[in-house]
Amino acid sequence: MPVRQLPETIVNRIAAGEVVERPASVVKELVENAIDAGASRIDIFSDGGGRRKIVIADDGSGMTQADLALAVDRHATSKLDDEDLLQIRTLGFRGEALPSIGAVARLSITTRHAAEPHAWALRVEGGDKTPIAPAALTQGTRVEVADLFFATPARLKFLKTDRTEAEAIREVVRRLAMARPDIAFTLAGEERAPVTWAAALPGAPGQLIRLGDILGADFRANAIEVRAEREGVVVEGFAAAPSLTKANALGQYLFVNGRPVRDKLILGAVRAAYSDYLPRDRHPVVALFVTLDAREVDANVHPAKTEVRFRNSGLVRALIVHALKDGLAREGRRTAANSASSVISTFRPASMPPANWDWRSSPSYPVGGSAAPSFAERAQAAFDVGAPSADIRPQEMTPDLLDRPLGAARTQIHETYIVSQTRDGLIVIDQHAAHERIVYERLKASLEANGVQRQILLIPDIVEMDEATVERLVARAEELAKFGLVIESFGPGAVAVRETPSLLGKTDASGLLRDLAEHMAEWDEALPLERRLMHVAATMACHGSVRAGRVLKPEEMNALLREMEATPNSGQCNHGRPTYVELTLADIEKLFGRR
């Protein structure tokens, strides 16, 4: 078959396959055009998941008659002044969206520029343009897309259900609305009540209002402001407290120069920053905005402009990790799980007796003239927690301890939880989780300063394992030695432990090595050495901390509380679990109906 030039209609349909993947792609391109036109209000309507109809209306600058005629031609754009692809300051620049949409759907554009006496309208159906005609419109541009993919019916069978496509449209609008809190957005259609996000004030407060409107009240209540700047690169935004997490990374919203992107580099930086706070199967919720010179980032990487490439990717990654770690350390003891509201929500009111209940049938009713031995209501059973493991009430409590952030230890229950009193409430501390964080931070500080101090075992511990596990551990012996754990092969199926970190005291070498081997089995060789070392530190901290079930003396409990106050990130252990929960006196009074 000879080589031939394809007709314009086929070229446009091929291009549409790259730009218009689904109805949400159409909405993205048209809303970006409205933002580039300087709109302060954008209305989006869709029907049938966007297949039947999509309407985008804005109050932007509009187009003149001449511009409208060119707008639907391929590679015609008003967004490249000097043809320099390294100076892209708008969301769109390719000039492919409108002709691509017009090639596969029925496209209608009505627009009015301030310099024109009236509006102009143009229609494109399957790539065929109609003459431009006068129309009625007060301001801005209105774009209507009907019967999407009618010109390429084979594409329709690749679309999902109307509900799924509508949700994809909603997600696109949410991301663009987060990027531009100064613009009002309204999303309607799909037999749902319209959703409006009003324009917010500039700056961080307005940004947080818009993010809270979209991501929910939980995010707003637990958002931590982050910001870092270096060499002309600015990273700012909000990150949720470590215990407000999701099962996937869909709660991570990333923007580069106002453009929503899905960038592996930034996602990896977010994961690295939270590695000390979250379990491996949980993901943080963040909204980060990266601003830098347009010449330092290439947006012309993907036809849909959802990916970017940085000139200095190492700087961007380091800045994101620094900004997040700095914010999380600043709010170290604050988590979503230790707030009073989350604690109160777990309580349930005791069941009340029915309206016709006879008090004489109560088990507490005196029988034979003697009082019943005890209350027997079911609600009382919840308070049967056994006798305290330790009690320091007889000991004189110095008033200054009550003024400390974590208060003064009062008792220990179930050999696991410490109850402390503050001036205006009480705190329940998980002794193992709290000490685990303390040991972990000590290991990190010791490693950074002058290496972890070791203790030589008088008689080496011999740990028997299968050969594959032994090989895996011995291969990482040098990394383990950095943390004071010195091992060597002891035959084909055993490892000899000769030195252990002194911070851990007497530890179960067998259990520690087995846990380390399990984690190492999941490591990728591409995992940075720093991350691997932190995994080792986390495992050692778990084994070297105070275990649940150990009775603590009063002075030990208070010492643990003081160490928590001096330890960064003490609000949760290194597995992401909260180390304590707090109830204020006002919250306790609410539980008992006093408020």
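Our structure's up above, just so we're on the same page.
Before going into details, it helps to say that this report is about the structure given with it.

So, how was this worked out
- Residues numbered from 1 in each chain as written.
- Predicted model: local features only at pLDDT ≥ 70, side-chain atom pairs only at ≥ 80, totals over all residues.
- Heavy atoms only, no water.
- Phe/Tyr/Trp six-rings, centres within 6.5 Å; stacked < 30°, edge-to-face > 60°.
- Helix = DSSP H or I, 4+ residues; strand = E, 2+ residues; numbered from the N terminus.
- Buried < 20%, exposed > 50% of the residue type's maximum accessible area, 1.4 Å probe, protein only.
- Lys NZ or Arg CZ within 6 Å of the ring centre and 35° of its normal.
- Core = buried A, V, L, I, M, F, W, Y, C linked by side-chain atoms within 4.5 Å.
- Axes fitted to C-alpha atoms, helices over the stretch in contact; angles between N-to-C directions.
- Parallel < 35°, antiparallel > 145°, perpendicular 65-115°, else oblique.
- Left-handed = near helix turned anticlockwise from the far one by under 90°.
- Contact = heavy atoms within 4.5 Å.
- Nonpolar A, V, L, I, M, F, W, Y, C, P; charged D, E, K, R; others polar.
- Pairing = 2+ DSSP bridges.
- Salt bridge = Lys/Arg side-chain N within 4 Å of Asp/Glu carboxyl O.
- Expected span 1.5 Å × (residues − 1).

As for the packing of aromatic side chains
- Scanning all chains against the criterion turns up two aromatic pairs.
- Seen from their ring centres, Phe-255 and Phe-289 are 4.7 Å apart, and the 10 degrees between their planes marks the pair as stacked. In this pair, Phe-255 sits in strand S13 (residues 252-256) while Phe-289 sits in strand S16 (residues 286-291), placing the two residues 34 residues apart along the sequence. Each member of the pair, Phe-255 as well as Phe-289, carries the same accessibility label: buried.
- An angle of 70 degrees between the planes, with centres 6.4 Å apart, marks the rings of Tyr-274 and Tyr-277 as edge-to-face. Each member of the pair, Tyr-274 as well as Tyr-277, carries the same accessibility label: buried.
- Over the face of the ring belonging to Phe-150 we find Arg-106, whose NZ or CZ atom lies 3.9 Å from the ring centre.
- When the ring centre of Tyr-277 is taken as origin, the NZ or CZ atom of Arg-437, which lies over that ring, is 5.4 Å away.

Quick notes on the nonpolar core
- Residues Val-27, Val-31, Ile-42, Ile-44, Leu-107, Val-145 and Phe-185 are the most contacted members of the largest nonpolar core, which totals 59 residues.
- Per-element accounting of this core gives the leading share, eight residues, to helix H5 (residues 162-179).
- Within the second largest apolar cluster, 34 residues are counted, among which are Val-226, Val-256, Ala-269 and Leu-292.

Looking at the packing of H5 against helix H6 (residues 204-215)
- As a packed pair, H5 and H6 sit with axes 9 Å apart at the nearest point and diverge in direction by 165 degrees. By the angle between their directions, the pair H5 and H6 is classed as roughly antiparallel. The handedness of the crossing between H5 and H6 is left-handed. Within the contact between the two elements, H5 uses Arg-174, Ala-177 and Met-178 and H6 uses Arg-210, Leu-211, Ile-214 and Leu-215.
- Within the contact of H5 with H6, the residues separate by chemical class into five nonpolar, no polar and two charged.

A few points about unusual backbone geometry
- Unusually for a residue other than glycine, Glu-231 sits at a positive phi of about 50 degrees.
- Since its relative accessible area comes to 65%, Glu-231 is described here as exposed.
- At Asn-257, a position not held by glycine, the phi torsion is positive, near 50 degrees.
- A relative accessible area of 33% places Asn-257 in the partly exposed class.

Observations concerning the sheet that holds S13
- Sheet architecture is open: five strands sit in the order S10-S11-S16-S13-S14, paired in mixed fashion. Edge positions in the sheet fall to strand S10 (223-230) and strand S14 (259-261), since each has one partner strand and no second. For this sheet, the mean inter-axis angle between neighbouring strands, taken without regard to orientation, is 20 degrees.
- Pairing of S13 with S16 involves five bridges; the strand directions are parallel. When the bridges of S16 are listed, Val-256 appears paired with Val-290.

Describing the sheet that holds strand S25 (residues 494-501)
- With antiparallel pairing, three strands are arranged side by side in an open sheet as S23-S25-S24. Strand pairing shows two members of the sheet lacking a second neighbour, strand S23 (454-464) and strand S24 (486-489), which therefore form its edges. Along the sheet, successive strands turn relative to each other by an average axial angle of 20 degrees, direction set aside.
- Examined bridge by bridge, S24 and S25 share four bridges and lie antiparallel to one another. Note on S25: the bridge partner recorded for Ser-489 is Val-495.
- Lying on the sheet, helix H14 (residues 467-475) is in contact with S24 and S25; it crosses S24 at an angle near 135 degrees.

Description of the environment of Arg-472
- Mapped onto the secondary structure, Arg-472 falls in helix H14.
- Judged by relative accessible area, which is 29%, Arg-472 ranks as partly exposed.
- Residues Arg-472 and Glu-518, 46 residues apart in the sequence, show an inter-C-alpha distance of 9.8 Å.

Things to note about the pattern of salt bridges
- Enumeration according to the criterion identifies 29 salt bridges in this entry.
- Close ionic contact of Arg-51 with Asp-162 constitutes a salt bridge, the shortest N to O distance being 2.3 Å. Linking Arg-51 in the loop between strand S1 (41-47) and strand S2 (53-58) with Asp-162 in helix H5, this pair joins segments that are 111 residues apart in sequence.
- Beyond isolated ion pairs, a larger network of salt bridges with shared partners links Arg-106, Arg-123, Glu-125 and Asp-147.

Side note on the pairing of strand S20 (residues 408-413)
- Bridge count for S20 against strand S21 (residues 417-422) is five bridges, and the pairing is antiparallel. Note on S21: the bridge partner recorded for Gln-412 is Ile-418.
- Hairpin geometry of S20 and S21 is characterised by an intervening segment of three residues between the two adjacent antiparallel strands and by a positive phi of about 55 degrees at His-414.

Comments concerning H6
- Its 12 residues give H6 an end-to-end C-alpha distance of 16 Å, which sits within 8% of 16 Å, the value for a rise of 1.5 Å per residue.
- Those residues of H6 that sit buried are Gly-206, Gln-207, Leu-208, Arg-210, Leu-211, Gly-212 and Ile-214.
- Phi turns positive one or two residues past the end of H6, at Gly-216, with a value near 110 degrees.

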